[in-house]
Amino acid sequence: MRIVAYIDRSEYALSVCRHAAWAATKLQLPVALVHAIQHPASEEGRDLSGYFAIDAPETVLEDRVEHDEIRNRVILEDGHRLLDSAANTVRGEGVTDVSERLFQGTIADHLKQHQAETAMVIVGKRGEATARDPNRLGSTVEGVVRSAHFPVMVAAATFEPIERVVIAWDGGRNVAEAVGFISTSGLLSGIEATLLHVGERGDRSEPGAAVIHQLEASGVSVALDHRSGRVAETIVQSATDLSAQLIVMGAFSQSRIRHLVSGSTTREVLRVAACSVLVTH
Amino acid sequence: MTIVGTRADWFGNIRADVLAGTVVALALIPEAIAFSIIAGVDPKIGLYASFSIAVVIAFAGGRPGMISAATGAMALLMVDLVKDHGLQYLFAATILTGIIQVAFGFAGLSRLMRFVSNSVMTGFVNALAILIFMAQLPELRGVPWVTYPMVLAGLAIIYILPRFTKLLPSPLVCIVVLTAISMAFDMNVRTVSDMGELPTSLPTFLIPDIPWNLETLGILLPYVIPLAIVGLLESLMTATIIDDFTDTGSNKNRESTGQGIANIVTGFFGGMAGCAMIGQSVINVKSGGRGRLSTLTAGVFLLILIVVLGDLVGKMPMPALVAVMIMVSIGTFSWRSIANLRVYPKTSSVVMLATVAVVVATHNLAYGVLVGVLLSGIFFAWKIGQLFQVTSSITDDGRIRTYVISGQVFFASTQSFVAAFDFQEGLETVVIDLTRAHFWDISAVSALDKVVLKFRRDGTAVDIIGMNEASSTMVDRLAVHDKADAIEYVPGH
């Protein structure tokens, strides 16, 4: 098992590396740095219409191969250099077991192929494509969070040492999984966590004493907080009030129909929150 | 070795050979008549053929002690020819079959027998048994009721008698007893003389009365080629069995030419094509026959018996012959192969059953063997294709991956070969280690080409190492990926 960190050329790369190093230190797992690239489509070097020659298919193929080879070699070399510098960053944070992988395809493809050996995924909130628009959530991120079967940490633009955490408790199965993951992995040991319950005191979704015990047993110091209001807004506001560096929540737990009507809470939190978000399934 | 065999081949075993040959001659009579009836010709055609083939093969064959004569396998292949074109064409076909077999023998094609696997042989034998049995069914339909008790009585004699005495072949006793009974009570059953003419004299030399042109050849070839192949297959199979029985060797190419010469001579003397007989050969060997003399005795004594006892032979009741043929069919069938279906590998069983199915469907043993051989080839290729493994390792910086290929790469394994590579890794260099791989054919080479081109196209350098000698020569001759000049010839339009 390992922690898979997806990096690209956006401003999030450094933050992703440092989040990965933090998680690797906490979980005692190796880090795999992955840079997904897509080669541009083979452009026609010249007009080949009406092209007849002996063994034309073979010679044209050879020609194309030669052409693509030279161009893509440069792309690969750039990718490896990016990975090398990322690896240096992670090693600089004291993690020794770091591997680099250049992947030709989408992040979603890579995730699908490597699910079995992935313990946790770290990805920037926005990628190269959406980095400039602060109000949008990267489409890749949403896809990863939606399809992953393991915790996904969506990194904020800069990494700040994680000292205070908001755990958004909605009583659902996914957040219970999140608490389970935190307590068995020791990810948040020695950290102050606020167990946030959005709703009335005493209603059915309120976290029980067992949840608090479970967290405290793994070295987390827990404070319980009740707030009311719209769920996503309240969670983000709470994180801002407490100057938390991380929000922990379950993924897209609402029913499909409610999701269509009101939009997903998780998606909203990911979009608005200034800090990093750990989403579990 | 001389043309007709060594002294030892002929006179090493005189007494036992003459005795065994006599027993075989007696056992040959009912079968030769029955196979003539299967082929739809007069009994004398089969009897002349059996005499002629046995005598000629005694001199020309490559397996001393093996008995050849008119056989069911060959008779089954000539039914339509006789029905559609008549006897003269059968004689011509017999001669042409012989010529092809002689050519096979000189070309050394008996080596091809190695491609006929055990399962195909078993399928062949089982199919032959089924066809012989099916050929008896017309004799059991729409006949007087007395036929049925006679067939049963015949079978009883054939199976029970050997428990008390093996002095006389039990099929012969069956025929003698049933002939006596049917003559004594003047029973209303068909007899051999109802089926056609019996020989009254020695066979005479004749030239088939057919137009000697290409059209005739076109008619004959579809019959002659299966006849030649089946004749050789059964003869060489039988030779192998007799080799094992007697723990001696035989000359398979000489046997092939010998079968051919025997058929040529037989065609000119008014006989039908034949080949070696598994059952009779085993009877001969078990009766002590080892040398060429036993085969010659069988042939000569057969003719003497027929000419002398011609009238009596004509009085043989058909139910007796049917009983003998059912016995031949049951004895030919490999019953063990049914029990083995559960034990043997599925592929072997499929080959065996496919051979049987094709023969029963087409009534042509040659097609069955062809399908069986092709299937066993495909299954073998499929099995060997599994002997293929790819392991790989990558450096920590994700730049170099080494693939180690071991096993057999050929048309049946190229798909898994290509699938073993991960083309989504953006590698700087991929190393393909072929030290423990074998590249067998063009498919393997072009699969490697495909892999190399795919990697190169993504900008990954490919390093192929450790090609062993066999693979290396193939790749040097056939591959394009390492020939830079392949792209120099790109003329404009």
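Refer to the structure printed above.
Colleague: Looking at this structure, I do not really get the overall build of chain B. What am I missing?
Modeller: When helices and strands are counted, chain B shows 20 helices and six strands. Within chain B, buried positions represent 48% of all 493 residues. Long-range pairs, those at least 24 residues apart, make up 86% of the contacts in chain B with a sequence separation of at least 6.

Colleague: Please clarify how the overall build of chain A should be interpreted in this entry.
Modeller: The helix and strand inventory of chain A stands at nine helices and 10 strands. When burial is assessed residue by residue, chain A has 41% of its 281 residues classed as buried. Once local pairs closer than 6 in sequence are excluded, the contacts in chain A between residues at least 24 apart make up 81%.

Colleague: Just to check I follow, could you spell out the nonpolar core for this structure?
Modeller: A general tendency of soluble globular proteins is for nonpolar side chains to be buried together. In terms of nonpolar packing, the biggest core is built from 121 residues, with Ala54(B), Met78(B), Ala93(B), Leu227(B), Met272(B), Leu302(B) and Val324(B) touching the most fellow members. For this core, the element with the most residues is helix 2 (residues 14–39) of chain B, which contributes 15 residues. When neighbours within four sequence positions are excluded, Leu302(B) is seen to be in contact with Ala25(B), Leu28(B), Ile29(B), Ser50(B), Phe51(B) and Ala54(B). Counting 80 residues, the second largest nonpolar core, distinct from the first, contains Val16(A), Ile37(A), Val179(A) and Leu187(A).

Colleague: Teacher, can you tell me more about helix 2 of chain B here?
Modeller: Helical geometry: 3.6 residues make up each α-helical turn, so side chains three or four residues apart lie on a common side. All names here are of chain B. Across its 26 residues, helix 2 extends 35 Å between first and last C-alpha, which sits within 8% of the 38 Å expected from 1.5 Å per residue. Across the 26 residues that make up helix 2, a large majority, 20, are buried. Just downstream of helix 2, Gly 40 is the residue with a positive phi angle, here 85°.

Colleague: I keep staring at the sheet that holds strand 4 (residues 400–409) of chain B and nothing clicks. Help me out?
Modeller: Backbone hydrogen bonds are what pair the strands of a sheet, in a parallel or an antiparallel way. Residue and element names in this part refer to chain B. Taken in spatial order, the four strands line up as 3-4-5-6 in an open sheet, and their pairing is mixed. The sheet is open, and its two borders are formed by strand 3 (388–394) and strand 6 (461–465), each paired with just one other strand. The mean angle between the axes of side-by-side strands here comes to 20°, regardless of whether they run parallel or antiparallel. Sheet analysis places strand 3 next to strand 4, joined by seven bridges and oriented antiparallel. What sits directly across from Ser 393, in strand 4, is Thr 402.

Colleague: I'm lost on the environment of Ala135(B) in this one. Help?
Modeller: Checked against the element boundaries, Ala135(B) lands in helix 6 (residues 118–136). Not counting chain neighbours up to four residues away, the residues in contact with Ala135(B) comprise Ile38(B) and Leu76(B).

Rules of the game
Residues numbered from 1 in each chain as written. Chains lettered and ligands numbered in written order. Predicted model: local features only at pLDDT ≥ 70, side-chain atom pairs only at ≥ 80, totals over all residues. Helix = DSSP H or I, 4+ residues; strand = E, 2+ residues; numbered from the N terminus. Buried ≥ 20, exposed ≤ 12 C-beta atoms within 10 Å, placed from the backbone. Contact = placed C-beta atoms within 7 Å. Core = buried A, V, L, I, M, F, W, Y, C linked by C-beta atoms within 7 Å. Expected span 1.5 Å × (residues − 1). Pairing = 2+ DSSP bridges. Axes fitted to C-alpha atoms, helices over the stretch in contact; angles between N-to-C directions.

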